[in-house]
Amino acid sequence: MASMSEKISACLADGGDMLLGDDATSRSAGVWRDDSVQATIIVRPRSTQEVSEVLRVCHEEGQSVVTHGGLTGLVNSADTTAADVVLSMERMNNIIDIDTLGRTMTVQAGVPLQQIHDVCAEHGLMFPVDLGARGSCQIGGNAATNAGGLRVIRYGMTRDNILGIEAVLADGTILSSLNQVLKNNAGYDLKQLFIGSEGTLGVVTQLVLRLRTELPAEHTALVGFSDYQRVLKFLSYFDGALAGNLSAFEVMWPDFFMHQRAKCEVKGLEIDGDARFFAIVESLGVDHSQEAETFGAALEGAMEEGLITDAVVAQSDNDRAAIWKIRDEVEHLFDGGEHMFFDVSLAIRSMNEYVDEVRANLAKQSFDSQFYSFGHLGDGNLHFCVVCKSDLAKYQPTIEECVYQPLEPLGGSISAEHGIGLQKKAYLSLTRSDAEIAVMRTLKHAMDPKGILNPGKIFDFEGPVSIQ
């Protein structure tokens, strides 16, 4: 009788290959982690047809499959066991087509986000989804987690920038919905089933991306505020003053900003005045000189109105890189011990109250920890990093309770852009109703009746339940 590796090998007729044994388990399990992949078979297909054949065999055998992209996720959604087969998309990395008139790009799922940005720039176009892991993450993973990033306030999440998807279902069925038009109301929008589903309903193999005209006039500033209410007033004022060109609004609490500014060793970013909050603001437009005048006038007006204490405006690409370095190089937060990274969303009016409550909850605990807060405040997304001086595994449940429980009365969500994976599934009921979870289970059972796709992620597979 043929082994599983032999059966899978027979499916790879288009140049795909496999890693077995030590070649598989020597691979890192993900970003900012010291452990390695547990699965002993990593399949690296080159085509949708190969993915289909592999899944057909795994479905027949009841073999669990976990899809791997760039492994930049932070909720253990791509974790494996020795019993799993990994389906790595790293060799499905071709840009298939770019339509400069229709402003679309068709790509395989393994194309890195940075490569998409670079190719768009060659054609005077842009793909607006942008995040710190752009050099490592893959577009299929961005879709599978519905990644957000730095420009959500203007362009929306990944789902808002995808027109079509091709995916392979658990039994090997190829579902090709590579729509290339903005308007298509012909029945259910099937691509939405796979965006944000973390590989539990199907494997995304190709995508049609919605592109925009490149906006070369980029203006960036670091601003300071004396209190949180002025942060909120400034957001409303500045968005209006820029007439819709505000593209990023990243707020940093002082614990985060002071630590990062020191660790990143950036110069010339001193904020005068009694600043208690800090923000990176950025606009994108067409006319550089006109946009610069508008951007500067808006900051001057904010200063006159007493909304901000000070502002440092980037005068060059190097200045802009220094400002964003403070926000992007979050690995500096981990210097003091083991860390947990959190990603939540809630109404922006409640954010500071929530941050204060989480900080107070952690301060009451017996263990020594450091708390950092920052996020894409303009779109209601807040990040935390909790660094525990020792024995994180022991205190992890307590830390999670401190962070997640205050969200429920505020109507917040335990996940803004990173997904659920393994890390958050015990808290899913805080932000999803029983009826919602029942519908999720019904979809999972209908599309993956044997539960072979990324098993155990989001929720445990128990088959459909009655929707009350």
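Summarised in this report is the structure supplied together with it. None of the values given here were measured: they were computed from a predicted structure. (Residues numbered from 1 in each chain as written. Predicted model: local features only at pLDDT ≥ 70, side-chain atom pairs only at ≥ 80, totals over all residues. Heavy atoms only, no water.)

**Quick look at empty space enclosed by the protein**
Let me state the cut-off plainly: Cavity means a closed set of points on a 1 Å grid over the protein atoms alone, one where a 1.4 Å probe fits but cannot get out, pocket means an open set with protein on both sides within 12 Å along at least 5 of 7 lines, and lining means a residue has an atom within 4 Å of a point. Grid points are joined across faces, edges and corners, and a volume is the space filled by probe spheres set on the points. Under the scheme applied, nonpolar residues are Ala, Val, Leu, Ile, Met, Phe, Trp, Tyr, Cys and Pro; charged residues are Asp, Glu, Lys and Arg; polar residues are all the others, including Gly.
Within this structure, the stated rule accounts for one cavity of 30 Å³ or more. Within this model, the largest cavity holds a volume of roughly 40 Å³. As for the largest cavity, its lining consists of T200, K444, N454, P455, G456, K457, I458, F459 and F461. In terms of residue class, the lining of the largest cavity is made up of four nonpolar, three polar and two charged.

**What to know about the sheet that holds strand β16 (residues 338-345)**
To keep it simple, the criterion reads: For two strands to be treated as a pair, DSSP must find no fewer than two bridges joining them. Segments assigned H or I by DSSP are reported as helices when at least four residues long, segments assigned E as strands when at least two residues long, and all are numbered from the N terminus. Only C-alpha atoms enter the line fits that serve as axes; for helices the fit covers just the stretch in contact. Angles between N-to-C directions range over 0 to 180 degrees. Here a residue-residue contact requires only that any non-hydrogen atoms of the pair lie within 4.5 Å.
The strand order β15-β12-β14-β13-β17-β18-β16 describes an open sheet built from seven strands, whose pairing is antiparallel. Looking at strand neighbours, the two that pair on one side only are β15 (310-313) and β16, the edges of this open sheet. Neighbouring strand axes in the sheet, compared pairwise and without regard to direction, differ in orientation by 20 degrees on average. Here strand β12 (residues 217-225) pairs with strand β14 (residues 277-285) via nine bridges, running antiparallel. Counterpart to F225 in the pairing with β14 is F277. Packing of helix α10 (residues 288-304) onto the sheet brings it into contact with β12, β14 and β15, and relative to β12 it is tilted by some 10 degrees. Against the sheet, helix α12 (residues 351-363) touches β14, β16, β17 (369-375) and β18 (381-388), its axis set at about 15 degrees to β18.

**Looking at the pairing of β14**
For clarity, the threshold we go by: The rule is simple: take the accessible area with a 1.4 Å probe, protein chains only, and divide by the maximum for that residue type; under 20% is buried, over 50% is exposed, in between is partly exposed.
Most of β14 is tucked away: nine of the nine residues are buried. Alternating residues of β14 divide into F277, A279, V281, S283 and G285 and F278, I280, E282 and L284, and every residue in both groups is buried. Pairing of strand β13 (residues 246-252) with β14, which is carried by six bridges, proceeds in the antiparallel orientation. Opposite E250, over in β14, you have I280 as the bridge partner.

**Topic: the packing of aromatic side chains**
Test applied: A pair of Phe, Tyr and Trp rings is counted when the ring centres sit within 6.5 Å of each other, with Trp represented by its six-membered ring. The angle between the planes then sorts it: under 30 degrees is stacked, over 60 is edge-to-face, the rest tilted.
Considering all chains together, one arrives at 18 aromatic pairs under this definition. Taking 4.7 Å as the distance between ring centres and 20 degrees as the angle between the ring planes, the aromatic pair formed by F234 and F238 counts as stacked. Placement of the pair is F234 and F238 together in helix α8 (residues 228-241), with a separation of four residues, close to one helical turn. Taking relative accessible area as the criterion, F238 reaches 0% and is therefore assigned buried. Residues F342 and Y404 carry aromatic rings whose centres are separated by 5.6 Å and whose planes lie at 75 degrees to one another, so their mutual orientation is edge-to-face. Linking F342 in strand β16 with Y404 in helix α13 (residues 392-404), this pair joins segments that are 62 residues apart in sequence. Look at Y404 and you get buried, because its relative accessible area is 0%. Chaining the aromatic ring pairs together yields one cluster made of F225, F234, Y237, F238, F249 and F295.

**Digging into unusual backbone geometry**
Located in the positive-phi region is N146, a residue other than glycine, with phi close to 50 degrees. The exposure class of N146 is buried, given its relative accessible area of 11%. You will see that N454, though not glycine, has its phi angle at about 45 degrees, which is positive. Within the element layout of this structure, N454 appears in the segment after α15 (434-447). The exposure class assigned to N454 is buried, which follows from its relative accessible area of 4%.

**Details of the packing of α12 against α13**
The following threshold applies: Throughout, the term roughly parallel applies to angles under 35 degrees, roughly antiparallel to angles over 145, roughly perpendicular to angles from 65 to 115, and oblique to all others. Rotating anticlockwise by less than a right angle from the far helix to the near helix defines a left-handed crossing, while the corresponding clockwise rotation defines a right-handed one.
With their axes 8 Å apart at the nearest point, α12 and α13 run at an angle of 155 degrees to one another. In this view, α12 runs roughly antiparallel relative to α13, as classed from their interaxial angle. Considering only the axes of α12 and α13, their crossing is right-handed. Between α12 and α13, the residues in contact are Y354, V358, N361 and L362 and I399, C402 and V403, respectively. When its residues are assigned to classes, the contact of α12 with α13 shows six nonpolar, one polar and no charged.

**Focus on the environment of R212**
Keep this limit in mind: For the purposes of these results, a polar contact is taken to be a pair of N or O atoms within 3.5 Å, where, inside protein, one atom must be able to donate a hydrogen and its partner to accept one; residues adjacent in sequence count only when each atom of the pair is a side-chain atom.
Counting through the fold element by element, R212 comes out in strand β11 (residues 212-213). On a C-alpha basis, the gap between R212 and F127 in space is 6.3 Å, while along the polypeptide they are 85 residues apart. One polar contact links R212 to N161, side chain to side chain, over a distance of 3.1 Å.

**Focus on helix α3 (residues 48-61)**
For the record, the criterion: One less than the number of residues in a helix, times 1.5 Å, gives the span that helix is expected to have.
The end-to-end C-alpha distance of α3, which contains 14 residues, comes to 20 Å, matching closely the 20 Å that a straight helix rising 1.5 Å per residue would cover. By the burial criterion, the buried members of α3 are T48, E50, V51, S52, V54, L55, V57, C58 and H59. Trailing α3 by a residue or two, G62 shows a phi angle of about 70 degrees, which is positive.

It is worth stressing that arrangement in space is one thing and function is another; only the former is reported here.
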